[in-house]
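Secondary and tertiary structure notes
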Amino acid sequence: MQYALKRILLGLPTLLAMFTAIFVIIRVVPGDAAAVILGDQASGAALDALRLELGLDRPLSQQYLGFLGGLLHGDLGTSLMTKRPVLEEALRVLPNTLELAAASILVGLALGLPFGIYAAIHRNAWPDYVGRLFSLIGLSLPAFVSGILLLLAFAIQLRWFPVIGTSANVGPWDRFLGVALPALNLGIIMSAYVARVTRSSMLTTLGEDFVRTARAKGIGPTAVALRHVLANSLLPIITVVGLYFGTLIGNAVLTEIVFNRPGLGRLILGALNTRDYTLLQGLMIVFASFVVLANVLTDLAYAAVDPRIRNA
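Residues numbered from 1 in each chain as written. Predicted model: local features only at pLDDT ≥ 70, side-chain atom pairs only at ≥ 80, totals over all residues. Heavy atoms only, no water.

Looking only at helices and strands, one finds 13 helices and zero strands in the chain. Starting at the N terminus and walking to the C terminus, you meet the elements of the chain as α-α-α-α-α-α-α-α-α-α-α-α-α. Taken across its 312 residues, the chain has 40% of its residues classed as buried. Pairs at least 24 residues apart make up 73% of the contacts formed inside the chain by residues separated by at least 6 positions. For the chain, the accessible surface area stands at approximately 16,600 Å², while carbon and sulfur atoms represent 67% of it. (Helix = DSSP H or I, 4+ residues; strand = E, 2+ residues; numbered from the N terminus. Buried < 20%, exposed > 50% of the residue type's maximum accessible area, 1.4 Å probe, protein only. Contact = heavy atoms within 4.5 Å. Areas by Shrake-Rupley, 256 points an atom, 1.4 Å probe, with all protein chains shown as cover.)

Turning to the packing of aromatic side chains, a few remarks are in order. For the structure on display, the rule yields three aromatic pairs. Summarising the aromatic geometry, the rings of Phe23 and Phe67 are spaced 5.3 Å apart at their centres and angled 40 degrees between planes, so their arrangement reads as tilted. Placement of the pair is Phe23 in helix α1 (residues 2–28) and Phe67 in helix α4 (residues 60–72), with a sequence separation of 44 residues. On the basis of relative accessible area, Phe23 is assigned to the buried category, the value being 3%. Phe67 sits in the buried class, given a relative accessible area of 8%. (Phe/Tyr/Trp six-rings, centres within 6.5 Å; stacked < 30°, edge-to-face > 60°.)

The tendency in soluble globular proteins is for nonpolar side chains to be buried as a group. Counting 48 residues, the largest nonpolar core has Phe245, Leu248, Leu264, Leu283 and Ile285 as its most contacted members. Those elements that provide at least two residues to this core are α1, α3 (44–54), α4, α5 (86–121), α8 (172–206), α11 (234–258), α12 (264–274) and α13 (277–305). A total of eleven residues in this core trace back to one element, the largest contributor, which is α13. Once you skip the residues sitting within four places of it in the chain, Leu283 turns out to touch Val86, Ala90, Leu264, Leu267 and Ile268. (Core = buried A, V, L, I, M, F, W, Y, C linked by side-chain atoms within 4.5 Å.)

On to the environment of Ile105, then. Counting through the fold element by element, Ile105 comes out in helix α5. Through-space distance from the C-alpha of Ile105 to that of Ser191 is 8.5 Å; in sequence the pair is 86 residues apart. Ignoring any residue separated from it by four or fewer positions in sequence, one finds Ile105 in contact with Met190, Val241, Phe245 and Leu248.

We now examine the confidence of the model for the chain. When pLDDT is averaged along the chain, the result is 78, and 90% of the positions lie at 70 or above. Per-element averaging of pLDDT across the chain places helix α2 (residues 33–38) at the bottom with 67 and α5 at the top with 86. (pLDDT = per-residue confidence, 0-100.)

This part takes up unusual backbone geometry. For Arg159, which is not glycine, the phi dihedral falls at a positive 60 degrees. Judged by its relative accessible area of 70%, Arg159 falls in the exposed class. The backbone phi angle of Asn260 is positive, close to 55 degrees, even though this residue is not glycine. Within the secondary structure, Asn260 is located in the loop between α11 and α12.

Taken N-terminus to C-terminus, the directions of α5 and α8 make an angle of 35 degrees; their axes are 4 Å apart at the nearest point. As α5 runs across α8, the sense of the crossing is right-handed. Per-class residue counts for the contact of α5 with α8 are 23 nonpolar, eight polar and three charged. (Axes fitted to C-alpha atoms, helices over the stretch in contact; angles between N-to-C directions. Left-handed = near helix turned anticlockwise from the far one by under 90°. Nonpolar A, V, L, I, M, F, W, Y, C, P; charged D, E, K, R; others polar.)

For the rest of this paragraph, the subject is the packing of α12 against α13. Running from N to C, α12 and α13 point in directions that differ by 150 degrees, and their axes come no closer than 9 Å. Accordingly, the angle class assigned to the pair α12 and α13 is roughly antiparallel. You can see that α12 and α13 cross each other, and the crossing is left-handed. Here α12 contributes Leu264, Leu267, Ile268, Ala271 and Leu272 to the contact with α13, which in turn contributes Leu279, Leu280, Leu283, Val286 and Phe287. Considering only residue class, the contact of α12 with α13 consists of ten nonpolar, no polar and no charged. (Parallel < 35°, antiparallel > 145°, perpendicular 65-115°, else oblique.)

Right, let's talk about the environment of Asp299 for a bit. On the secondary structure map, Asp299 appears in helix α13. Classification of Asp299 as buried rests on a relative accessible area of 18%. When the C-alpha atoms of Asp299 and Leu235 are compared, they prove to be 9.9 Å apart, with 64 residues separating the residues in sequence. Each residue touching Asp299, except ones within four places of it in the same chain, is listed here: Tyr3 and Arg7.

Below, the structure written as structure tokens:
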């Protein structure tokens, strides 16, 4: 409990730094934010009114304090287009993005772990070469390219999956079909990272003395790999899953656009197209919060796998 509390407290300065960076990037970039939102043809009165609404007429220090005060009260601002709270807009589609992220991680682990384990057991044999080729392909394909290829093959040609992302008002099976192809797209990319790290970590552990002792006792190579080697190779695997979460969030934006799925990705695209300054800022804050949360959960997973870390 003390270790968990310590990791959470250490995450707060990181979160504050990310929030500050978002605030600075939004406000200090060249150009007038009000002119960017309303366009070059806007009148001076309209620009002044928008600056007053956004608080851009105040000194930067006062804007920052008001920004932090709003965050402490859960206020991310109000969308300029819909006039609804940004937090409400984000929570409306957040379950779809979290569903996609969770399904993608499950697919990535389900594909990557077996490939990595099998490649490590059969080092320099054909399964090892196949596993490395698979991971190379997964690392080379951008998310939007692989998404389009999957869409063409399985949704348009074979018609196994819907072309358009499903909404929340559908049955469980239709919802599964709606998330399966986008999750497979992101999961394949993640599995390439997981397979490579699993293979490398297990090859390092296979040279340890306890592994030779287990083999000397007559335990088969598969049993040794699953029962002893994998358990002692989990820390690098957990690391890559935690680090990939940030990449997954970015790829999820592109994937939601390619597969026309409702989610934070499409909401960000809409905010960019309509120049919704406050909505875009709020969504960046939501994304940053989940990245920091993923890092904290990764640290807690370290302690769960290796209790010695809690006493370090």
